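Single-letter residue listing:
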Amino acid sequence: MVKATTYIYNTQTGEKSLFFDGSIEEMVPYGDYLYYFWYGIRADDADSGLYRMKQDQSENQMLFQTSELFSLNIAGDKLFWETNNELRQPTTANLDGTDIHFIELAP
């Protein structure tokens, strides 16, 4: 994997500043927070997961560990994403990462 960084870019002034020293995926803002997926750097994937941090970059915390997460969205105070298992199951959780479960789809 290529080492990357994430920047904040001011479209009015053209100035950029370092936001995160690493590549983050699936970034979604909601309220005062940014939710994002990070692949991590550990070989055992223990730091790979869904994270939440304040937009001022404080209170950065992992909500839960996962090695893959796609199509992250927030609606109705719930997180929604897709897994990469054989069923491509849509999954939901509370905004604090609790109560994770698959969404049952009608046949």
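Predicted, not measured: the structure shown is a model, and the values here were computed from it. (Residues numbered from 1 in each chain as written. Predicted model: local features only at pLDDT ≥ 70, side-chain atom pairs only at ≥ 80, totals over all residues. Heavy atoms only, no water.)

Caption draft 1: Just the sheet that holds strand β4 (residues 33-38), in detail. In space, the four strands of this open sheet follow the order β3-β4-β5-β6, with antiparallel pairing throughout. A single partner strand is all that each edge strand has here, and the edge strands are β3 (24-30) and β6 (61-65). Going across the sheet, the axis of each strand differs from the next one's by a mean of 20°, ignoring polarity. Relative to strand β5 (residues 49-54), β4 runs antiparallel, the two sharing six bridges. (Pairing = 2+ DSSP bridges. Helix = DSSP H or I, 4+ residues; strand = E, 2+ residues; numbered from the N terminus. Axes fitted to C-alpha atoms, helices over the stretch in contact; angles between N-to-C directions.)

Caption draft 2: Highlighting the environment of Gly76. You can see Gly76 is positioned in the loop between β7 (70-75) and β8 (78-82). In this structure Gly76 comes out as exposed when scored by relative accessible area, which is 73%. Here the alpha-carbon distance between Gly76 and Leu95, two residues 19 residues apart in the chain, equals 9.9 Å. (Buried < 20%, exposed > 50% of the residue type's maximum accessible area, 1.4 Å probe, protein only.)

Caption draft 3: Spatial organisation of the nonpolar core. Counting residues in each nonpolar core, the largest one holds 13 residues, and the members touching the most others are Tyr35, Leu50, Leu69, Leu72, Leu79 and Trp81. Contributions of two or more residues to this core are made by β4, β6, β7 and β8. Contacts of Leu72, omitting those with residues within four sequence positions, involve Glu26, Val28, Tyr35, Tyr36, Leu50, Leu79, Phe80 and Trp81. Counting eight residues, the second-largest nonpolar core is a separate cluster that includes Phe19, Phe20, Ile24 and Met53. (Core = buried A, V, L, I, M, F, W, Y, C linked by side-chain atoms within 4.5 Å. Contact = heavy atoms within 4.5 Å.)

Caption draft 4: Summary view of the environment of Gln57. Considering the arrangement of structural elements, one finds Gln57 in the loop between β5 and β6. Judged by relative accessible area, Gln57 falls into the partly exposed class, the value being 36%. Each C-alpha atom of the pair Gln57 and Leu34 lies 8.8 Å from the other, and the pair is 23 residues apart in sequence.

Caption draft 5: Main features of unusual backbone geometry. The phi dihedral of Asp45 is positive, around 60°, even though this residue is not glycine. Within the element layout of this structure, Asp45 appears in the loop between β4 and β5. By relative accessible area, Asp45 is classed as partly exposed at 31%. Even without glycine at this site, Gln57 takes up a positive phi of about 75°.

Caption draft 6: Expanded view of the pairing of strand β9 (residues 90-94). Strand direction decides the pairing type here: β8 and β9, joined by five bridges, are antiparallel. Within β9, the residue paired with Trp81 across the bridge is Thr91. Note: β9 against strand β10 (residues 101-102), two bridges, orientation antiparallel. By the bridge assignment, Thr91 is partnered in β10 with Phe102. Remark: six residues form the turn of the hairpin made by β9 and β10, two consecutive strands paired antiparallel; Gly97 in that turn has positive phi of roughly 85°.

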